[in-house]
Amino acid sequence: MRKKLVAGNWKMNMTAAEAAATVESLVESIDYRDSVDMVVCPSYLCIPKTVELLHDSHIKVGAQDVFWMPKGAFTGKVSAPMLKAAGCAYCIVGHSETRGRFGKLEIADTAVSHFSETDHTVNLKIAALLEQGIVPILCVGESQVERENNMTDAVITTQLEKALDGFDPDELDDLVVAYEPVWAIGTGKTCETAEAERVCAMIRIVIGEIIGTSHAKGIRVLYGGSVKASNAHELFSQPNIDGGLVGGASLDPKEFAAIVGAA
Ligand code: PEP
């Protein structure tokens, strides 16, 4: 039986003071159940304070990205040992926004190449995180154009095969995969529940082909893309959807607490 997981991706929102206020409100709002794992992923600068405030709580802290080298001349980057030392238990990897694939584009499209994540860098990042005992939350998903061209399953299969290349199956036992259709991220458009379940089941089959079906059965596959309290219960009731990766709705502690409640 896989334990449900609800992770909040706070993206580039909140100063450390705002994050602290949000965490305090979250702790008051969440009705803790042993059946659900909870994670919040603040920006790097908010991680230390968030870890301190959640020290006695069941809510874990994650990062939104990582650089794969442990240290060195990599200006502006943050390594997995640094995340570990700061108290991170999880880290999002390969989010569509770091891949330059935006559901809602809020910058000039001439600047999108700044976000240059590839399946290869995702693979390197997963290795760096596993070495530190940090659980990767690997994001995969198709764009609107890819969906319209019936490429959804092929795109996700390639993302998974490249991201998980070269690992021993035992190393990946705690891996979390999030199905995040790019067109549903921050757009308010949610994938139909039946289609989200179909893709999450397909993801589990592909993972089974890569690391074996017995390992794949234990991997948690989340759905992400405009999850809110009103649609969470239906999504999380599906047999292959083990919880959610929540962006916008995780910024509101009461809404996030209600989504956790749905899980
Ligand atoms: C996300 O960014 O991972 C996400 C799912 O965002 P939102 O819930 O805002 O669509």
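Only a predicted model underlies this, so the values are computations on that prediction, with no experimental measurement involved.

J.: Explain the packing of helix 6 (residues 152-163) against helix 7 (residues 193-211) here, please?
T.: Between two packed helices, the angle of one axis relative to the other and the distance separating the axes together describe the packing. Closest axis-to-axis distance for the helix 6/helix 7 pair is 10 Å, and the angle between their directions is 40°. Between helix 6 and helix 7, the angle is such that the two are oblique. Regarding helix 6 and helix 7, the two cross each other, and that crossing is right-handed. Together, Thr 152, Asp 153, Ile 156, Thr 157, Leu 160 and Glu 161 of helix 6 and Arg 198, Val 199, Met 202, Ile 203, Val 206, Ile 207 and Ile 210 of helix 7 make up the contact between the two elements. Of the residues belonging to the contact of helix 6 with helix 7, the class tally is 8 nonpolar, 2 polar and 3 charged.

J.: How should the sheet that holds strand 8 (residues 243-246) be read in this particular structure?
T.: One key point about sheets: their strands pair by backbone hydrogen bonds, in either a parallel or an antiparallel sense. Ordered in space as 1-2-3-4-5-6-7-8, the 8 strands form a closed barrel in which the pairing is parallel. Averaged over neighbouring strand pairs, the angle between their axes works out to 30° when direction is ignored. Strand direction decides the pairing type here: strand 2 (residues 36-41) and strand 3 (residues 59-63), joined by 3 bridges, are parallel. Residue pairing across strands places Met 38 opposite Ile 59, the latter belonging to strand 3.

J.: Any chance you could explain the site of the ligand here in plain terms?
T.: Near the ligand there are 14 residues, and of these Lys 11, His 95, Glu 180, Gly 186 and Ser 226 occur at the shortest range. In this structure, Ser 226 approaches the ligand through a main-chain N or O atom, which is 2.8 Å from an oxygen atom. In this structure, an oxygen atom belonging to the ligand sits 2.8 Å away from a main-chain N or O atom of Gly 248. Most atoms of the ligand, that is more than half of them, are within 2 Å of grid points of the largest pocket. Each residue belonging to the shell around the ligand can be placed in one class, and the counts come to 4 nonpolar, 8 polar and 2 charged.

J.: I'm lost on unusual backbone geometry in this one. Help?
T.: Keep in mind that most residues, glycine aside, have a negative phi and that most peptide bonds are trans. Here the phi dihedral of Met 14 falls at roughly 80°; this positive angle occurs in a residue that is not glycine. Phi at Ser 226 takes a positive value of approximately 55°, unusual for a residue other than glycine. Summarising the element assignment, Ser 226 is placed in the loop between strand 7 (220-224) and helix 9 (229-236).

J.: How should I be thinking about the environment of Ile 219 in this particular structure?
T.: Within the secondary structure, Ile 219 sits in the loop between helix 8 (213-218) and strand 7. According to the relative accessible area criterion, Ile 219 is buried, its value standing at 0%. A C-alpha to C-alpha distance of 9.0 Å links Ile 219 and Asp 242, two positions 23 residues apart in sequence. If sequence neighbours within four positions are ignored, Ile 219 has contacts with Arg 2, Leu 172, Asp 173, Leu 175, Val 177, Arg 204, Ile 207, Ile 211 and Asp 242.

J.: In this structure, what is going on with the environment of Val 246? I would like to understand it.
T.: Residue position: Val 246 is located in strand 8. Exposure remark for Val 246: the relative accessible area of 0% places this residue in the buried category. In sequence terms Val 246 and Asn 150 are 96 residues apart; their C-alpha atoms lie 26 Å from each other. Beyond its immediate stretch of four places on either side in the chain, Val 246 contacts Val 6, Ala 7, Gly 8, Asn 9, Val 227, Phe 256 and Ile 259.

Analysis parameters
- Residues numbered from 1 in each chain as written.
- Predicted model: local features only at pLDDT ≥ 70, side-chain atom pairs only at ≥ 80, totals over all residues.
- Heavy atoms only, no water.
- Axes fitted to C-alpha atoms, helices over the stretch in contact; angles between N-to-C directions.
- Helix = DSSP H or I, 4+ residues; strand = E, 2+ residues; numbered from the N terminus.
- Parallel < 35°, antiparallel > 145°, perpendicular 65-115°, else oblique.
- Left-handed = near helix turned anticlockwise from the far one by under 90°.
- Contact = heavy atoms within 4.5 Å.
- Nonpolar A, V, L, I, M, F, W, Y, C, P; charged D, E, K, R; others polar.
- Pairing = 2+ DSSP bridges.
- Near = heavy atom within 4 Å.
- Polar contact = N/O pair within 3.5 Å; in protein donor to acceptor, adjacent residues only side chain to side chain.
- 1 Å grid on protein atoms, 1.4 Å probe; cavity = no way out; pocket = protein on both sides within 12 Å on 5 of 7 lines; lining within 4 Å.
- Sits in = over half its atoms within 2 Å of the grid points.
- Buried < 20%, exposed > 50% of the residue type's maximum accessible area, 1.4 Å probe, protein only.

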